[in-house]
Each structure stands twice: as structure tokens, then as C-alpha cells.
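Below are the chains, spelled out letter by letter.
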Amino acid sequence: MEKKNNKYDFSLFDSHNLLNQNILVSYKGPIDERIMTVIGDNIVLVANDTNDKARTKIFKVFMELAQNVWLYSSETCKLENGKSVGMGSLVIGEFGNYYTFVTGNVVKNADIVPVIDKCEMINSLDRESLREYRREQRRLAQSGKPNSGNIGLIQVALTAESPLDIELTPVNDDESFFSIAVKISKNCTKK
Amino acid sequence: MDNIHIKGVHEAYFVPTVNFDASTGICELAGESYLEETTKFYQPLFEWIKEYTDTVKGPLIFNFKLSYFNTSSSKCLVDILDMLKNYQKNGGSVTVNWYYDDSDEELEEVEDFTLETGLEINKIPISDED
């Protein structure tokens, strides 16, 4: 059957197929506190092939990473209450004995370098060093600095018990699409 | 001095339940903590602890029963623990109980709170709660 593209500029069918059967949930759009709560409260329900520990981890990882999209995406959307919030995507997939949780958003190239450095540093540390790093950063954050999301990324790595799998894809001269993926084991022992 | 009673809510943000009792020194922080303005929410709690430790100077028993707190809230929890540690250093009686739900990661974080503040925290499984 010939594909009709006269109604839309893209095929939702193709998009649906791209999000193949391993994808449990996908969302693209603005993220604010209300959307976070609705997705956060329900995202764990799709992870029904696992235990409470993995579900708690999915929720905690979601809360930190989705908040980063909301606060740090350079692609923003003005809501009806006048607030400007970040736009981005999130996906949760199921692959064998683990879930993959991914968030992505457009970032200014000038702003992303320290975040990538932070992720690479987090990935280079073992669990004990990562805990020590979180303690240090929490101390620094208390001295009146605004929350920069620094502890959030450390928390994600500790909760997921997996490295932060980051990817940067240029979209134009000034901006790139930045994504962070983490794996969460279905058989995790730490909650 | 007044007590603090805040009923926890789970809406767009998650407000923890707070019960600080000046007549007994028993203080409870329970539920979920994810707030629009974290420091603004915790500020009155800091002020209550300061007033209690400056004027009442009685024993303090802190019961933490948090099922979820975000990283921003964790900074304020450390601030509370710092205040309690200072009170203890100056001769105040302080007991901190942390109720946890079968969670190794939460236990690690409580151990980290002790390392960060020097304050001993009793770790109690929720199943043992009477």
C-alpha cells in the first residue's frame, strides 16, 4: 500500500515502528513538575516484570534525569501559566534482564562541556569513590550555590549501579542533542 | 514554643509530613520530599531546631521515615543533622532514628550522612517498627 504523506509532514506509523517492541514508554515534549509527577507515578507501572527494588530505582532515576531536561534543555516551551520549561524526550525500554532509561534534549554546545566532563569523571569512579564524591559535592552545594544538577548525576549512577552512557549529536553550529542512558537491572539487590 | 505540624501531600510536588513537638522533643519527618523551593520549606524547620536548642534545651529525638527524597532535599537533611550534631557537641541529648524499607542504597546514604556530619544514626528496618 502506498504510503500517504499528504496529511502530515511525517509518518506516525514509521515513528511508532522505530519505537520498537522493546520500548515500554516514550514521551517527547515539555517537562515541568506536573508532567513529571504524572509520568513518575505511572512509569513504574509498566515495569511489571520486576521487583520493587528495580521499580524504586526507575522512579528515582526518572526524577533526577527528567528534572535535568526541564531545567537545562535549551529548547523551551512557554506554558499557559507563563512559565518557560525545557523540552526533551524520555524513553524506557526493556531488554532481557534489564531496563534502559534514556533522556535527551537539545543543549548549547558552550554549556555542555562541563556536564560531559562530570559524566566522564562519574564513570571513572568505583562505588566507594562515587559516594565520597557525592559527600564532597553535597558539602559544596550547601555553601549557597544553586542546585546545579551535579549531585543528581552522581545519584543516578549510584542508584542505577551503571555508568552514564552519554551521547552528543550536533544539530547545528551552536547546539547538539545530548542524551544520557542508564541500565537498571531487573535483578538488582540494592534499592 | 510552638509545635510544627505539616501534613504530607503527593501532588505536583511531594511535601513531607512534619511533626515537631516542643513539649517532648520528638520530631518526625516522613513521606516524600521533592519541593518547588526546598530551602524555603526547610527554613522554618531549621529555625524551630535553633529555637528549641537555644531556649528549651531539652532532649531531641529525630525520627526520619522518608520513602523518597531528592538530592536537593538531601542537602537540607544534612543541614538538620549538622544542627543536631552541634547541639550534641554542646551537651544536648540527641537521638536520631532512620527507618528504612529493605533498601541497601538508602542505608549507604544514611552511612554517608553519618560520615558527613559525624552524627550517629540508628538504622531501623520499618518491619521492626512497633
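Check the entry above for the structure.
Every chain is numbered on its own, with residues counted from 1 as its sequence reads. Chains and ligands are labelled by the order in which they are written, letters from A for the one and numbers from 1 for the other. Per-residue local features are limited, in this predicted model, to residues with pLDDT of at least 70; the limit for side-chain atom pairs, both in listing and counting, is 80 or more; totals at the level of whole chains, interfaces and linings are taken over all residues. Remark: hydrogens and water are excluded; side-chain values derive from all non-hydrogen atoms of the structure.

A. The arrangement of helix α3 (residues 52-72) of chain A in detail. Helix length check: α3 of chain A, at 21 residues, gives a terminal C-alpha distance of 30 Å against a target of 30 Å (1.5 Å per residue), a fit within 8%. In terms of burial, α3 of chain A is largely enclosed, as 16 of its 21 residues are buried. Segments assigned H or I by DSSP are reported as helices when at least four residues long, segments assigned E as strands when at least two residues long, and all are numbered from the N terminus. For a helix, the expected span equals 1.5 Å multiplied by the number of residues minus one. Throughout, exposure labels follow a simple rule: accessible area from a 1.4 Å probe, protein chains only, divided by the maximum for the residue type, with under 20% read as buried, over 50% as exposed, and the rest as partly exposed.

B. Quick peek at the pattern of salt bridges. A pairing counts as a salt bridge when a side-chain nitrogen of Lys or Arg comes within 4 Å of a carboxyl oxygen of Asp or Glu. Using the criterion set out here, one finds 22 salt bridges over all chains in the structure. The salt bridge involving R131 of chain A is made with E128 of chain A; its shortest N-O contact spans 3.3 Å. Here R131 of chain A pairs with E128 of chain A, and both are found in helix α5 (residues 127-142), just three residues apart, close to one helical turn. For E109 of chain B, the salt bridge identified is with R138 of chain A, shortest N-O distance 2.8 Å. Remark: R138 of chain A occurs in helix α5 and E109 of chain B occurs in helix α3 (residues 104-117); the pair is interchain, linking two chains. For R138 of chain A, a relative accessible area of 0% puts it in the buried group. What emerges from the salt-bridge pattern is a single network uniting R127, E128, R131, R134, R135 and R138 of chain A together with E108, E109, E111, D112 and E116 of chain B.

C. Quick peek at the side chain of R131 of chain A. R131 of chain A gets classed as buried once you look at its relative accessible area, which sits at 5%. At a separation of 3.2 Å, a polar atom in the side chain of R131 of chain A contacts the main-chain carbonyl oxygen of E108 of chain B. In the analysis that follows, any N or O atom pair within 3.5 Å is treated as a polar contact, provided that within protein one partner can donate a hydrogen and the other can accept it, and provided that, for residues neighboring in sequence, both atoms belong to side chains.

D. Here's a closer look at the pairing of strand β6 (residues 60-69) of chain B. Residue and element names in this part refer to chain B. Most of β6 is tucked away: seven of the 10 residues are buried. By definition, two strands form a pair when at least two bridges between them are found by DSSP. Summarising the sheet, strand β5 (residues 26-33) and β6 pair through eight bridges and their orientation is parallel. Bridging across to β6, G31 finds its partner in L66. Between the parallel elements β5 and β6, the chain passes through helix α1 (residues 38-56) in a crossover that is right-handed. Here β6 pairs with strand β7 (residues 94-100) via five bridges, running parallel. Looking across to β7, one finds that F62 is bridged to V96. Handedness of a crossover is defined as follows: orient the strands so they point away from the viewer, and if the path from the first strand over the helix to the second runs clockwise, the crossover is right-handed. Handedness of the β-α-β unit built from β6, helix α2 (residues 71-89) and β7 comes out right-handed.

E. Geometry of the packing of aromatic side chains. Residue and element names in this part refer to chain B. Working definition: a ring pair exists when centres of Phe, Tyr or Trp rings (six-membered ring for Trp) sit within 6.5 Å. Plane angles under 30 degrees give stacked, over 60 give edge-to-face, the rest tilted. Across all of its chains, the model carries 17 aromatic pairs over all chains by this definition. Seen in terms of ring centroids, W98 and F113 are 5.6 Å apart; in terms of plane orientation they differ by 45 degrees. Their pairing is tilted. Placement of the pair is W98 in strand β7 and F113 in helix α3, with a sequence separation of 15 residues. Each member of the pair W98 and F113 is classed as buried. An aromatic cluster is present here, built from F20, W48, Y52, F62, F64, F69, W98 and F113 joined pairwise through their rings.

F. Geometry of the environment of I116 of chain A. All names here are of chain A. Its place among the elements puts I116 in helix α4 (residues 109-124). Residue I116 is classed as buried on the basis of its relative accessible area of 16%. Note: C-alpha distance between I116 and F13 (103 residues apart in sequence) is 34 Å. Residue contacts are counted whenever heavy atoms from the two residues lie within 4.5 Å of one another. Look past the residues within four positions of I116 in its chain and what remains in contact with it is I166, L168 and F178.

G. Inspection of the side chain of S73 of chain B at higher detail. With respect to the helices, strands and loops of the structure, S73 of chain B is situated in helix α2. With residues near it in sequence (within four places) discarded, S73 of chain B still touches S33, Y34, L35, T38 and Y42 of chain B.

H. The sheet that holds β5 of chain B, seen in detail. Residues and elements named next belong to chain B. Here we have six strands laid out as an open sheet, ordered β1-β4-β5-β6-β7-β8, and mixed in their pairing. In this open sheet, the two edge strands, each paired with only one partner strand, are β1 (4-6) and β8 (122-125). Direction aside, the axes of adjacent strands within the sheet are offset by 15 degrees on average. Across four bridges, strand β4 (residues 17-20) lies against β5 in antiparallel orientation. Each bridged residue has a counterpart across the sheet, and for T17 the counterpart in β5 is A30. Simply put, an axis is a line fit to the C-alpha atoms, just over the touching stretch for a helix, and the angle between two N-to-C directions goes from 0 to 180 degrees.

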